[in-house]
Amino acid sequence: MAILTGINKVKTAVFISGNGSNLNSLIKFSKSSKSPISIKLIISNNSKAKGLNYSKIFRIKKKVINFRNTKTFDNKLISILKNNKIEMICLAGFMKILSKYFIRKFSGKIINIHPSLLPKYKGLNTHKRALINKEKYSGCTVHYVNSRLDSGKIILQKRVKISKNETEKTLTRKILIQEHKLYPEAISKIFNL
Ligand code: GAR
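Residues numbered from 1 in each chain as written. Predicted model: local features only at pLDDT ≥ 70, side-chain atom pairs only at ≥ 80, totals over all residues. Heavy atoms only, no water.

Draft legend 1. Molecular detail of the packing of aromatic side chains. Applying the stated criterion across every chain, the model contains seven aromatic pairs. Taking 5.3 Å as the distance between ring centres and 75° as the angle between the ring planes, the aromatic pair formed by F15 and F94 counts as edge-to-face. Separated by 79 residues along the polypeptide, F15 in strand β1 (residues 10-16) and F94 in the loop between β4 (88-91) and α4 (100-105) bring together distant segments of the chain. Of the two residues, F15 and F94, neither departs from the other in class, the shared state being buried. Through a chain of ring-to-ring contacts, the aromatic side chains of F15, F67, F73, F94, F102 and F106 assemble into a single cluster. K82 extends its terminal NZ or CZ atom over the ring of F106, reaching a point 5.7 Å from the ring centre. Directly above the aromatic system of Y137 lies the positively charged group of K161, at a separation of 5.4 Å from the ring centroid. (Phe/Tyr/Trp six-rings, centres within 6.5 Å; stacked < 30°, edge-to-face > 60°. Helix = DSSP H or I, 4+ residues; strand = E, 2+ residues; numbered from the N terminus. Buried < 20%, exposed > 50% of the residue type's maximum accessible area, 1.4 Å probe, protein only. Lys NZ or Arg CZ within 6 Å of the ring centre and 35° of its normal.)

Structure (structure tokens):
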């Protein structure tokens, strides 16, 4: 296997809105020699996102952006990404919908992690809906982002068993643990590693 150094790794931006536990796992992964990516930029729509702390801890550049889906705004965001030579975007708990224009500009280069076994439970409140529907399994999915919500090509999925007295809280935790493994695995898969 080729040795990947900071120089030849794919320059990646991670978009977050909240806790950033997936961001943390991606940063840790990116630091291993096996990782094809190097995280150069953290973008958040929320200035209070806890995950922004990882910018300080790991000395990664951050930008808080008040997302507005207009072409002028999109072009500003695109130029920030271009100025930082960003080649790939990982959405990690990013709760804004990106414009079709933006997605087209980065076509095939944006991936997302979603806490359900897509195509089931697109959108919000996935765990609550899976529990109400008495599903036996749920899980998480890493997929390419296209212009339809949570509908792009699936890269990898991990199934998680729902136990008898599962609550939203326990299921969230259980699935997050799997998300932290799945996201790096999916990135390795994209680069055939
Ligand atoms: C994760 O469960 C992620 O899959 C989900 O938000 C959580 C973020 O946690 N994403 C979505 O629901 C996107 N539609 P984190 O901030 O600790 O990574």
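Here the narrative resumes, following the displayed structure.
Draft legend 2. Summary view of helix α3 (residues 71-83). Counted at 1.5 Å a residue, the expected span for α3 with its 13 residues is 18 Å, and the 18 Å between its end C-alpha atoms agrees. F73, D74, L77, I78, I80 and L81 are the residues of α3 that are buried. Buried residues in α3, looked at end-on, bunch into an arc of 155°, giving them a common side. Along α3, the residues that are exposed and aim more than 90 degrees away from the buried face are K71, T72, K76, K82 and N83. (Expected span 1.5 Å × (residues − 1). Arc of directions from axis to C-beta.)

Draft legend 3. Quick look at the environment of F191. With respect to the helices and strands, F191 occurs in the segment after α6 (168-190). Here F191 falls in the partly exposed class, since its relative accessible area comes to 30%. Note: C-alpha distance between F191 and P36 (155 residues apart in sequence) is 7.1 Å. Each residue touching F191, except ones within four places of it in the same chain, is listed here: V10, P36, I37 and M88. (Contact = heavy atoms within 4.5 Å.)

Draft legend 4. Fine view of the side chain of S35. Residue position: S35 is located in the loop between α1 (21-30) and β2 (37-44). According to the relative accessible area criterion, S35 is buried, its value standing at 0%. Engagement of the side chain of S35 in a polar contact is seen with the backbone nitrogen of I37, the distance being 3.1 Å. (Polar contact = N/O pair within 3.5 Å; in protein donor to acceptor, adjacent residues only side chain to side chain.)

Draft legend 5. Fine view of the pattern of salt bridges. Tallied over the full model, the rule gives two salt bridges. Between K120 and E135 there is a salt bridge, with the nearest N and O atoms lying 3.1 Å from each other. Placement of K120 in the loop between β5 (110-114) and α5 (126-132) and of E135 in the loop between α5 and β6 (137-144) is noted, with a sequence separation of 15 residues between them. The exposure class of K120 is partly exposed, given its relative accessible area of 43%. Across the pair E166 and K174 runs a salt bridge whose closest N-O atoms are separated by 2.6 Å. Take E166: its relative accessible area is 12%, and that puts it in the buried class. Owing to a relative accessible area of 29%, K174 belongs among the partly exposed residues under this scheme. (Salt bridge = Lys/Arg side-chain N within 4 Å of Asp/Glu carboxyl O.)

Draft legend 6. Spotlight on the pairing of β2. In terms of residue burial, β2 counts as a mostly covered element, since seven of its eight residues are buried. Bridging between β1 and β2 involves seven bridges; their strand directions are parallel. When the bridges of β2 are listed, I16 appears paired with S44. For the crossover from β1 across α1 to β2, the handedness is right-handed. Bridging between β2 and strand β3 (residues 61-64) involves four bridges; their strand directions are parallel. If you follow I43 over to β3, its bridge partner there is K63. Handedness of the crossover is the feature at issue here: the chain leaves β2, passes through helix α2 (residues 53-58), returns alongside β3, and the resulting connection is right-handed. (Pairing = 2+ DSSP bridges. Right-handed = clockwise from strand over helix to strand, strands pointing away.)

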